[in-house]
Protein chains: 2
Amino acid sequence: HKEDLELAAVYVSDAQHNRNIFFETQPHAVRLYLLYNHWFLGVLLYFFILVNLLLAVVEQPALLAFPTWACMLVELVCLLVFSGRLVHYAKVIPQDKFWRDPKNLCILVILLLTLVDMIIYGALKATDNYAVRWSRVLRPLLLVNFTEGRQLRRAFRSIRNALPQILSVFLLFIFSILIFSLMALKLFGKRGLKTNSGRPYFTNFLEIVFDLYVLVTTANSPDIMMPAYNASSFFAMFFIIFILINTYIFMSVFLAVVYNNYKKYLKEEVHQLVRTKRNKMVRAFAILQERREGWEEPGVSHTSWNQLVHLVQSDLSHAHRELLWSVADHHNQGYIGKLAFVQLADLLNIQVIAVKSRPHPLQCWSPSLYLSTPSRWLRHAVQHRVFVMVYDVIILVNAVFIGLDEEDPLIRNSEWFFLALYVLEILLKLYALEPRAFYSRHNFWNWFDTIIIVSALVATIINTAMTSVGGYSSRQILDIVFTLRVLRLIRVVDSIKRFRVIINTLIKIGPTMLTFAQLIIVVYYIFAMVGMELFQGRIEFLDSASPGKSSCGSPALQDSSFAQLNYCKNNFNNVVSSFILLVELTVVNQWHDILLNQLPSEPPFTLLSSGFTAVTHPSARLFFILFHVIVVIIIVNIFVAFVLEAFFVEY
Amino acid sequence: HKEDLELAAVYVSDAQHNRNIFFETQPHAVRLYLLYNHWFLGVLLYFFILVNLLLAVVEQPALLAFPTWACMLVELVCLLVFSGRLVHYAKVIPQDKFWRDPKNLCILVILLLTLVDMIIYGALKATDNYAVRWSRVLRPLLLVNFTEGRQLRRAFRSIRNALPQILSVFLLFIFSILIFSLMALKLFGKRGLKTNSGRPYFTNFLEIVFDLYVLVTTANSPDIMMPAYNASSFFAMFFIIFILINTYIFMSVFLAVVYNNYKKYLKEEVHQLVRTKRNKMVRAFAILQERREGWEEPGVSHTSWNQLVHLVQSDLSHAHRELLWSVADHHNQGYIGKLAFVQLADLLNIQVIAVKSRPHPLQCWSPSLYLSTPSRWLRHAVQHRVFVMVYDVIILVNAVFIGLDEEDPLIRNSEWFFLALYVLEILLKLYALEPRAFYSRHNFWNWFDTIIIVSALVATIINTAMTSVGGYSSRQILDIVFTLRVLRLIRVVDSIKRFRVIINTLIKIGPTMLTFAQLIIVVYYIFAMVGMELFQGRIEFLDSASPGKSSCGSPALQDSSFAQLNYCKNNFNNVVSSFILLVELTVVNQWHDILLNQLPSEPPFTLLSSGFTAVTHPSARLFFILFHVIVVIIIVNIFVAFVLEAFFVEY
Ligand code: NA
């Protein structure tokens, strides 16, 4: 019976946590499965995935170069861990299911390809040949394919499902750009106009297509219009209509299509989730069900129920367990039928907030003092509206002091005063309210306050100690102190009622954003790896003493606007620079300026006019256009859809 | 009885056209009301509103200067027409209703203020004083306040209703920018960093606020980040978080709030519309109802019905009228009750498409020829799928020829060949299909084809004639020829099935866009008028021969990036430039560069560093920030909401 109970508990736990794994049901397999689901192994897996991803920091081209053998060693350890996890999974589920699941095959292929790549790379490096670690683009895919990446897989599936419709709109959009480009060629090509840099204006069809594509992102507005506009005001119409159709209408249609598919797909996924959950609960019921006299149907007895709930969630109090029982058995039949049982998984997920007013620890320690009139008056005062208002005023005064000059000793020392006030506030609140209630999970602002204030206190003390001992203050510590000091001010929005709905909605989006962050990391990582291989070392950020400073270390960029704008650090020379550059490309502004200068050797203008003659150029442009299509058109729109949906649900 | 019938007809007509005017019901007032609703008077009104708005082209600062007295004279005529319309309206509706309606008071105030302004302006000009035509900003408001501007008023009302929620989000957004600015001041202010132009970086709080506001629009990305990023890669985090929160999250929240309110309000408006419509129909029924023997309830007889429908829509055929009757009286009771009668307004709005196959005119003219085997075969061929495919191939080949060089005589003459093919296509289709069916209202593409081809034919003939006679071709005619030639290619999308849903949805949005265009014209016009008064003549676009060309006619702009980028034509010197500049500001890119140079006298960089000392600067920045908030945050989001809603309804 014990083994049955354990199996049932696993089913319920799976249903509770939305796991969808068809594990084998022999007792030893169930125990292996329980181990597989252990939080520690999950954390370990994510830790090694992170280590594997972070290897890019120390691999060539590195931010912080490690010897190749060290990187390889670390990666081997990661591969071992991943293999171990995969083998563990293979032992848990039936063999045929394992081989039929594309996720597992994906992981296997990734692991094998990585191994092959490492061997080839090692051999080539050992013989001093040129070598590329091409398998690095596969690393983020592990994040998607391990069983834990359920949410992320869902996001990717929703993108895949939206693709046919997105493709239709995209083809129409490209058609529109081609038509406008042809028109631009006919209208402006023979007019002998010159761009600002003296090149012929709109004479090459493919360049026009590229320029107009950039105009859709508004990045070269109004520059691209100026030569035509300077020639005649009428030509502005061409660009206005172009922007109206392509930037405003088409980009909105992309949002509409992405949003619509995302919503439709989400609905289907929720249905699927509910079905799977029900399925698991029905299995658990089938194991535990008994037929007894006086019962109208097969059911689960109170004893089995108690044992089951204890196995599934051992930290549940007796009272809570009895509460769940009385909810499930609300007709007081003494057993629970199938229908009621199926809802257990959801019941377990409901957070029962203990509203019962526990006595304050101080009250237990010294009731006479805590319940005395002055104490009572104090507690009342702390919970009064005026108390909140007084502290709001203090925050505003503090904001002014923060804005004033730090050099002034009065201002510098006032910080201690404000810190003392904030610490006093927290202490007073802890005096008035039961500490466990004060720090309960849904009290976002109490946690926020305490963490910020305590950190600020610690950082300020360290800073003062360093100043008085060494006579100087560390810039890093000061930065932290300043940041914490300003963050403290955010607190004021919580006391303004009209902001609360918005803030709460934003806080609620938080967890979904985590999935989204993974999604963006997968895409960024792949583009960063490819970008680093294609463009590393082309542009260098040199310190002011170096002679090549004004040309980003590349003679071709001498006197280019790229170098003049101090953009040299926008390069693909290491993974951090690459990520920041990709963020800039996501923001889109100036992207054509940035990207064209990542291209090899020639200064941008001759490069542009030379057109698609050299081999590397068109493919390099495609890299950036592809990035724009995937990140700006698809992923940013999914992000906007997330936010829109959250607010539509809220209002 | 005739007068009753006329009154009922007016009610039905009002319901049919969603008019909501409580006119007086005396016979002479009804006749006056009918006149008021006459389409000609409506067109006349819009014509004079347009003339009034277009006066800005010829008034100082003018694109095409007219003498002041001529402008004044035209404006007086406009005012007379508007007053006439208002008086007419006053005669139509009850006196107390007239004075209680804010629309009428608005128009009255606008007219009076305009008159006062004209007198003051005339007097000041006559005595050679400085004078401003400040009442010009009121002109577009006439578009909103006349009874015909129902849709536009609805749009403005929906904006007004969304304002409280938008304001909440906006305040939070501003708070977020202030917090980030304070943090930037503390983090970067004391580091002694320099911007690219050598100014101190992030040392003045108000300038930081402005710079970060511009960063929200992405217009100064990545420039604003570069000094901090060059100092340390960690600082990129500050800007990435800033952009994530303010550009991506807050801008999406603005869209969510605008979209949500727009939808909610639209629903309410539709309910209101349905109520008003019902109300009008009930009144009409009350007038026409009779009680006869054998009728279970009061009803409208067939005779009254026929007379009514004939009055409301005299162009309706007898068959169509009988069809409507049989739909309304579907129990064949011989009368129509209240419930059925109320639906008449909607019934009248349904387009009954005459599907009956009328014989082709050629068939009537010569049946034996038209029905002969070759003719039949030809008609069949034209309607075959292959015919469409052949013409799609022709269009693609044509596209290649358009892209090739016009100088080549072979290419130039091929145009005649293609034109002939397209004309042949239209003639063949007209031969195969009944012309009235071919040109029925819902056949967008047939109309599109015919107009484009006929225009291209005419323009090409004119161009050839001019070339052969005068030996040269006019650039303007050539531009038209080229544009038409390229537009012809669009036709190809109609034959691709996957594009049809998208295209049809976009075509359906068309009429709504008209309201939207009016909305944007109202806002642009007001900003253009104010902008022209504030900034006219500061920057001038000079032809290349002028000595001040390289500094836009203002010594302060010598060697500024504004002048170097050839932006001189981006000024407020006349209404057309102003509108184009406002479009550029809507697109947002480079707006800070454009706007700061509209400010008086100082070169941009000293101007920025001089901070808010001079009086004109802060107000001028406010002009542009206000424009951004109103146009980009509110109006563009409403536009996006329009497009989103249209696509959500469609899918
Ligand atoms: Na931009």
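Every value quoted in this text rests on a predicted model; they were computed, and no experiment measured them.

Colleague: When you look at the overall build of chain A in this model, what are you seeing that I'm missing?
Modeller: A count of helical and extended segments in chain A gives 29 helices and 2 strands. Here the contacts in chain A between residues at least 6 apart in sequence split such that 69% fall between residues at least 24 apart. Charged side chains in chain A number 55 positive and 45 negative. The centres of these two groups are separated by 5 Å.

Colleague: Teacher, can you tell me more about the packing of helix α20 (residues 409-432) of chain B against helix α22 (residues 444-470) of chain B here?
Modeller: Packed helix pairs are specified by the crossing angle of their axes together with the interaxial distance, meaning the distance between the axes. All names here are of chain B. Contact pair α20 / α22: the axes reach a minimum separation of 10 Å and the direction vectors enclose 145°. Helix-helix and strand crossings are classified by hand; for α20 and α22 the assignment is left-handed. Of the residues in α22, those touching α20 at Glu 415, Trp 416, Leu 419, Tyr 422, Val 423 and Ile 426 are Asp 449, Thr 450, Ile 453, Ala 456, Leu 457, Thr 460, Ile 461 and Thr 464.

Colleague: Quick question: what am I supposed to make of the interface of chain B and chain A here?
Modeller: Much of the literature gives interface size as the accessible area that the parts lose upon coming together. On the chain A side, the residues contacting the 89 residues of chain B number 89 residues. Across the contact surface, chain B and chain A share 2 salt bridges. Among the salt bridges present, the one from A:Arg191 reaches B:Asp479, with a minimum N-O distance of 2.9 Å. Scanning the region where chain B abuts chain A turns up 12 residue pairs in polar contact (both at pLDDT 80 or more). Of all the secondary-structure elements, those providing two or more residues to the side of chain B that touches chain A are α8 (150-188), α10 (226-231), α11 (236-288), α19 (385-403), α23 (475-489), α24 (497-535), α26 (575-587) and α29 (616-650) of chain B.

Colleague: Honestly, the relation of the copies chain B and chain A in this entry has me stumped. Any pointers?
Modeller: Copy one and copy two of the chain differ by a rotation about a common axis and a shift along it. The operation relating chain B to chain A is a screw motion whose rotation component is 180°, with 0.0 Å of axial translation and a residual RMSD of 0.1 Å. As the rotation angle and translation indicate, the two copies are arranged about a two-fold axis. The C-alpha atom lying nearest the rotation axis in chain B is that of B:Asn589; the distance is 3.7 Å. Here 100% of the interface residues in chain B have copies in chain A that are interface residues too; the copies meet face to matching face.

Colleague: What am I meant to see in the pattern of salt bridges here?
Modeller: Between side chains of opposite charge, a pair can form as their charged atoms come close. Applying the stated criterion across every chain yields a total of 50 salt bridges over all chains. The partner of A:Glu269 in a salt bridge is A:Arg157, with the nearest N and O atoms 3.2 Å apart. Note that A:Glu269 is positioned in helix α11 (residues 236-288) and A:Arg157 in helix α8 (residues 150-188), a separation of 112 residues in sequence. Accessibility expressed as a relative area gives 11% for A:Glu269, which makes it buried. Linking B:Arg85 and B:Glu148 is a salt bridge whose minimum nitrogen-to-oxygen distance equals 2.3 Å. Taken together, the positions of B:Arg85 in helix α4 (residues 68-92) and B:Glu148 in the loop between α7 (139-145) and α8 put the pair 63 residues apart, joining distant regions of the chain. You can call B:Arg85 buried: its relative accessible area is 6%. By relative accessible area, B:Glu148 is classed as partly exposed at 26%.

Colleague: What's the story with the nonpolar core in this structure? I'm lost.
Modeller: Most often, soluble globular proteins keep nonpolar side chains buried together rather than apart. If you look at the biggest cluster of nonpolar residues, it comprises 377 residues, and the most contacted ones within it are A:Phe341 and B:Phe341. Looking at this core element by element, the count peaks at 21 residues for helix α29 (residues 616-650) of chain A. The contact partners of A:Phe341, leaving out residues within four places of it in the chain, are A:Val12, A:Met281, A:Ala284, A:Phe285, A:Leu288, A:Val300, A:Leu308 and A:Ile336.

Colleague: Please clarify how helix α2 (residues 27-36) of chain B should be interpreted in this entry.
Modeller: Residues spaced three or four apart along an α-helix point in a common direction, a consequence of the helix completing one turn every 3.6 residues. Residues and elements named next belong to chain B. Buried within α2 we find Ala 29, Val 30, Tyr 33 and Tyr 36. What you see down the axis of α2 is that its buried residues fit within an arc of 110°, all on one side. Looking at the packing, one finds that the buried side of α2 touches α1 (2-16), α3 (39-58) and α4.

Colleague: In this structure, what is going on with α11(B)? I would like to understand it.
Modeller: Under the 1.5 Å per step criterion, the end-to-end length of α11(B) is 76 Å for 53 residues, consistent within 8% with the ideal 78 Å. Of all bends in α11(B), the biggest is about 25°, found at B:Ile243.

Colleague: Whenever I open this one, the side chain of A:Ser135 confuses me. Can you help?
Modeller: Residues and elements named next belong to chain A. As for its position among the elements, Ser 135 is in the loop between α6 (102-126) and α7 (139-145). Residue class for Ser 135 comes out buried when judged on its relative accessible area of 0%. In this structure the side chain of Ser 135 is engaged in a polar contact, spanning 3.0 Å, whose partner is the side chain of Arg 133. Those residues within four positions of Ser 135 in sequence are excluded, and the remaining contacts are Leu 113, Thr 114 and Asp 117.

Colleague: How should I be thinking about the side chain of A:Asn446 in this particular structure?
Modeller: Residue and element names in this part refer to chain A. With respect to the helices and strands, the residue Asn 446 is situated in helix α22 (residues 444-470). The class of Asn 446 is buried, set by a relative accessible area of 14%. Apart from residues lying up to four places away in sequence, Asn 446 is in contact with Phe 438 and Tyr 439.

Colleague: Got a minute to help me understand the packing of aromatic side chains in this structure?
Modeller: For any pair of aromatic rings, the description rests on two quantities: the centre-to-centre distance and the angle between the ring planes. Residue and element names in this part refer to chain A. Under the defined criterion, the tally for this structure stands at 102 aromatic pairs over all chains. With a centroid separation of 5.0 Å and an interplanar angle of 85°, the aromatic rings of Phe 623 and Phe 624 are classed as edge-to-face. Taken together, the ring pairs in this structure connect Tyr 524, Tyr 525, Phe 527, Phe 535, Phe 572, Phe 579, Phe 623, Phe 624 and Phe 627 into an aromatic cluster. The lysine or arginine in question, Arg 85, covers the ring of Tyr 36, its NZ or CZ lying 3.7 Å from the ring centre. The lysine or arginine in question, Arg 133, covers the ring of Tyr 121, its NZ or CZ lying 6.0 Å from the ring centre.

Colleague: What is the right way to look at the state of the cysteines in this model?
Modeller: Think of a disulfide as a covalent bridge from one cysteine sulfur atom to another cysteine sulfur atom. All names here are of chain A. The final tally for this structure, using the stated rule, is 0 disulfides over all chains. Its sulfur unpaired, Cys 71 is 11 Å from the next cysteine sulfur, which belongs to Cys 78. The exposure class assigned to Cys 71 is buried, which follows from its relative accessible area of 6%. On the basis of relative accessibility, which here comes to 1%, the residue Cys 78 falls in the buried class.

Colleague: I'm lost on a positive patch on the surface in this one. Help?
Modeller: Together, A:Lys263, A:Lys267, B:Lys263 and B:Lys267 line one region of the surface with positive charge. At the level of elements, α11 of chain A together with α11 of chain B are the ones that each hand at least two residues to the positive patch. We classify A:Lys263 as partly exposed; its relative accessible area is 33%.

Colleague: Please clarify how the packing of α1(B) against α11(B) should be interpreted in this entry.
Modeller: All names here are of chain B. In contact at an axis separation of 8 Å, α1 and α11 are set at 165° when each is read in the N-to-C sense. The pairing of α1 with α11 is recorded here as roughly antiparallel in orientation. For the pair α1 and α11, the crossing hand works out as left-handed. Judged by residue contacts, Asp 4, Leu 5, Leu 7, Ala 8, Tyr 11, Val 12, Asp 14 and Ala 15 of α1 engage Lys 277, Lys 280, Met 281, Arg 283, Ala 284, Ile 287 and Leu 288 from α11.

Colleague: Honestly, a nonpolar patch on the surface in this entry has me stumped. Any pointers?
Modeller: A contiguous nonpolar patch, built from A:Val109, A:Leu113, A:Val116, A:Ile120 and A:Trp134 and spanning about 400 Å² of accessible area, is present on the exposed surface. Inspection of the secondary structure puts A:Leu113 in helix α6.

Colleague: Before we go on, may I ask you to explain the environment of A:Val583 in this structure?
Modeller: Considering the arrangement of structural elements, one finds A:Val583 in helix α26 (residues 575-587). Among residues more than four places away in sequence, those in contact with A:Val583 are A:Tyr524 and B:Ile240.

Colleague: Just to check I follow, could you spell out the confidence of the model for chain A for this structure?
Modeller: Interpretation of the predicted coordinates at a detailed level should be avoided for regions scoring low in pLDDT. In this model, chain A carries a mean pLDDT of 84, and residues with pLDDT of at least 70 account for 93%. This stretch, residues 600-616 of chain A, has a pLDDT under 50; its non-local contacts, to residues over four places away or in other chains, come to 32 contacts.

Colleague: Would you explain unusual backbone geometry in this entry?
Modeller: Of all residues except glycine, most have a negative phi; of all peptide bonds, most are trans. All names here are of chain A. Here the amide bond leading from Gln 60 into Pro 61 is cis, since omega sits at -10°, within 30 degrees of zero. Checked against the element boundaries, Pro 61 lands in the loop between α3 (39-58) and α4 (68-92). Positioned with a positive phi, Phe 202 is a non-glycine residue whose angle comes to about 55°. Within the secondary structure layout, Phe 202 lies in the loop between α8 and α9 (205-216).

Colleague: Got a minute to help me understand the environment of A:Glu148 in this structure?
Modeller: Residues and elements named next belong to chain A. As for Glu 148 and Tyr 46, which are separated by 102 residues in sequence, their C-alpha atoms are 9.1 Å apart. A distance of 2.3 Å separates polar atoms of two side chains, one belonging to Glu 148 and the other to Arg 85. For Glu 148, the side chain forms a polar contact with the side chain of Thr 147, separated by 3.1 Å.

Colleague: Looking at this model, I keep getting lost on the environment of A:Pro361. Mind explaining?
Modeller: All names here are of chain A. With respect to the helices and strands, the residue Pro 361 is situated in helix α16 (residues 361-365). On a C-alpha basis, the gap between Pro 361 and Arg 436 in space is 10.0 Å, while along the polypeptide they are 75 residues apart. With residues near it in sequence (within four places) discarded, Pro 361 still touches Glu 434 and Pro 435.

Parameters at a glance
- Numbering of residues starts from 1 in every chain and runs along the sequence as written.
- Just so you know, chain letters begin at A and ligand numbers begin at 1, following the order they were written in.
- In keeping with the predicted nature of the model, local features appear solely for residues at pLDDT of at least 70, side-chain atom pairs appear and are counted solely at 80 or more, and the whole-chain, interface and lining totals rest on all residues.
- Computation of side-chain values: all heavy atoms of the structure, hydrogens and water removed.
- Put simply, DSSP H or I for four residues or longer makes a helix, DSSP E for two residues or longer makes a strand, and each gets a number counted from the N terminus.
- Only heavy atoms enter the contact rule, under which two residues are in contact if any of them lie within 4.5 Å.
- Just so you know, the count uses Lys and Arg for positive and Asp and Glu for negative, and it drops His and the chain ends.
- The atoms used to mark charge sites are NZ of Lys, CZ of Arg, CG of Asp and CD of Glu.
- Between N-to-C directions, angles cover 0 to 180 degrees, with each direction set by a line fitted to C-alpha atoms, over the stretch in contact for helices.
- Here is the rule for handedness: rotate from the far helix to the near one, and if that takes an anticlockwise turn smaller than a right angle the crossing is left-handed, while a clockwise turn gives right-handed.
- For salt bridges, the criterion is a side-chain nitrogen of Lys or Arg within 4 Å of an Asp or Glu carboxyl oxygen.
- Any pair of nitrogen or oxygen atoms within 3.5 Å is treated as a polar contact; in protein, a donor-acceptor pairing is required on top of that, and neighbouring residues in sequence qualify only through side-chain atoms on both sides.
- Each copy is superposed on the other by least squares, with the fit set by C-alpha atoms of residues at a pLDDT of at least 70 in both.
- The rule is simple: take the accessible area with a 1.4 Å probe, protein chains only, and divide by the maximum for that residue type; under 20% is buried, over 50% is exposed, in between is partly exposed.
- By nonpolar core is meant a set of buried Ala, Val, Leu, Ile, Met, Phe, Trp, Tyr and Cys residues that side-chain atoms within 4.5 Å join together.
- What the arc covers is the set of directions going from the helix axis to the C-beta atoms.
- In this scheme, a helix's expected span is set at 1.5 Å multiplied by one less than its residue total.
- Two axes enter the bend calculation: one fitted to the seven residues ending at the residue in question, the other to the seven starting there, and the bend is the angle between them.
- For this analysis, a ring pair means two rings from Phe, Tyr or Trp (six-membered ring only for Trp) whose centres lie within 6.5 Å, classed as stacked if their planes differ by under 30 degrees, edge-to-face if by over 60, and tilted for the remaining angles.
- Whether a charge sits over a ring comes down to the Lys NZ or Arg CZ being within 6 Å of the ring centre and within 35 degrees of the ring normal.
- Count a disulfide wherever a pair of cysteine sulfur atoms falls within 2.5 Å.
- Residues forming no salt bridge and having over 30% relative accessible area are the ones grouped into patches, like charges within 9 Å of each other and nonpolar side chains (Val, Leu, Ile, Met, Phe, Trp, Tyr) within 5 Å.
- Accessible surface is estimated by sampling points in the Shrake-Rupley manner with a 1.4 Å probe; for residues, cover comes only from the protein chains shown.
- Any angle that is under 35 degrees is reported as roughly parallel, and any over 145 degrees as roughly antiparallel; angles of 65 to 115 degrees are reported as roughly perpendicular and all others as oblique.
- Confidence of the predictor at the level of single residues is captured by pLDDT, which takes values from 0 to 100.

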